[in-house]
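Commentary on secondary and tertiary structure
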Amino acid sequence: MMFGVIYALACGKDWSPRIACPSLLGFFAVGTIIGIVTGILLMFFPEHFFMMFWAVPAFWRDFLSYLIFFFAGAIAQRNSWMESIKEMSRLVIYSITVASWIVYFPLLFKVSPSYGGGMSPTLWAFLNGLLWKGIMGMFMSLSVTVFFMDYGNKKYFCTRFFSEAMYTAYIIHSVFPILVGERCFLSILNATGNLKYLDPSNPSIANAYVANPNLVFPGWLLISAIALVITWPLAYGIRSIPGFSQVL
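Just so it is clear, the structure is predicted and the values come from calculations on it, not from any experiment.

What counts, and where the lines are drawn
Residues numbered from 1 in each chain as written. Predicted model: local features only at pLDDT ≥ 70, side-chain atom pairs only at ≥ 80, totals over all residues. Heavy atoms only, no water. pLDDT = per-residue confidence, 0-100. Helix = DSSP H or I, 4+ residues; strand = E, 2+ residues; numbered from the N terminus. Axes fitted to C-alpha atoms, helices over the stretch in contact; angles between N-to-C directions. Parallel < 35°, antiparallel > 145°, perpendicular 65-115°, else oblique. Left-handed = near helix turned anticlockwise from the far one by under 90°. Contact = heavy atoms within 4.5 Å. Polar contact = N/O pair within 3.5 Å; in protein donor to acceptor, adjacent residues only side chain to side chain. Expected span 1.5 Å × (residues − 1). Bend = angle between axes of the 7 residues up to and from the residue.

Concerning the confidence of the model for the protein chain
- Averaged over every residue, the pLDDT of the protein chain is 87; the share at 70 or more is 96%.
- Per-element mean pLDDT across the protein chain ranges from 79 in strand S2 (residues 208–210) up to 94 in helix H4 (residues 81–86).

Quick look at the structure:
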């Protein structure tokens, strides 16, 4: 929403630069640049520098990719990039995505300081930014795009409902998992004796943990199901209010 405001003020209705779709090599280069910049930020700034800004977690760590992806999306729509991407090699896109995972995860579990590896935290911070935030972020995005372009570009009985409600759902969705989690799942844990506190004298949510780890995944499923059942009909109802469809 912040970038939407910037876009409306800085670009305006008639903003339409003519920029051709990058090649796969171009996408790789952009992903590499994003990764290098992010890696350098991770090397030189302490973790608290990346705290939440305007309700966006780790905004400053990822702002370059946010900025590029947002405005590139606007440029892509005006220059029919999707038609160009449709013609790109699926083999190359999927291969780079899989190869980057194959390279990244052995590094993560064998040499990263987070898992007891011997690599220096500074070097790992740079590699993590380069691979995860840069190259992998770019090509996982391309992989998701072409996969659903090939196999999900269809209409179903529920397509209109979800397509019309999705932006409103995006705006309001974060509220309900918290409410459901606190009011429903935590109540269940507390009633069954599975909610414990690191400091019993301070029985707050921030001080709590789930005593039985086998309940975490079922709890996530429960919270997700209830939150989704609330979020989507409510989002559709809000958008159906006269005049709201013009902005949502």
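Alright, that's what it looks like, and here's the rest.
Concerning the packing of helix H2 (residues 24–44) against helix H3 (residues 59–78)
- As a packed pair, H2 and H3 sit with axes 8 Å apart at the nearest point and diverge in direction by 160 degrees. The orientation of H2 relative to H3 falls into the category roughly antiparallel. Considering how the two elements wind past one another, H2 and H3 form a crossing that is right-handed. Residues Val30, Ile34, Val37, Thr38, Leu41 and Leu42 of H2 touch H3, and the partners they reach there are Trp60, Arg61, Phe63, Leu64, Ser65, Ile68 and Phe69.

Some remarks on the side chain of arginine 90
- Summarising the element assignment, arginine 90 is placed in helix H5 (residues 90–110).
- A polar atom in the side chain of arginine 90 sits 2.7 Å from the side chain of aspartate 150.
- Ignoring any residue separated from it by four or fewer positions in sequence, one finds arginine 90 in contact with Ile85, Val146, Met149 and Asp150.

Quick notes on H3
- Its 20 residues give H3 an end-to-end C-alpha distance of 27 Å, which sits within 8% of 28 Å, the value for a rise of 1.5 Å per residue.
- At serine 65, H3 shows its largest bend, some 30 degrees.
- In this structure, the buried residues of H3 make contact with helix H1 (2–10), H2, H4 and helix H6 (121–151).
- Serine 80 occupies a position one or two residues after H3 and carries a positive phi of about 55 degrees.

Some remarks on the environment of isoleucine 188
- By the secondary structure assignment, isoleucine 188 is in helix H8 (residues 175–191).
- Each C-alpha atom of the pair isoleucine 188 and glycine 219 lies 9.5 Å from the other, and the pair is 31 residues apart in sequence.

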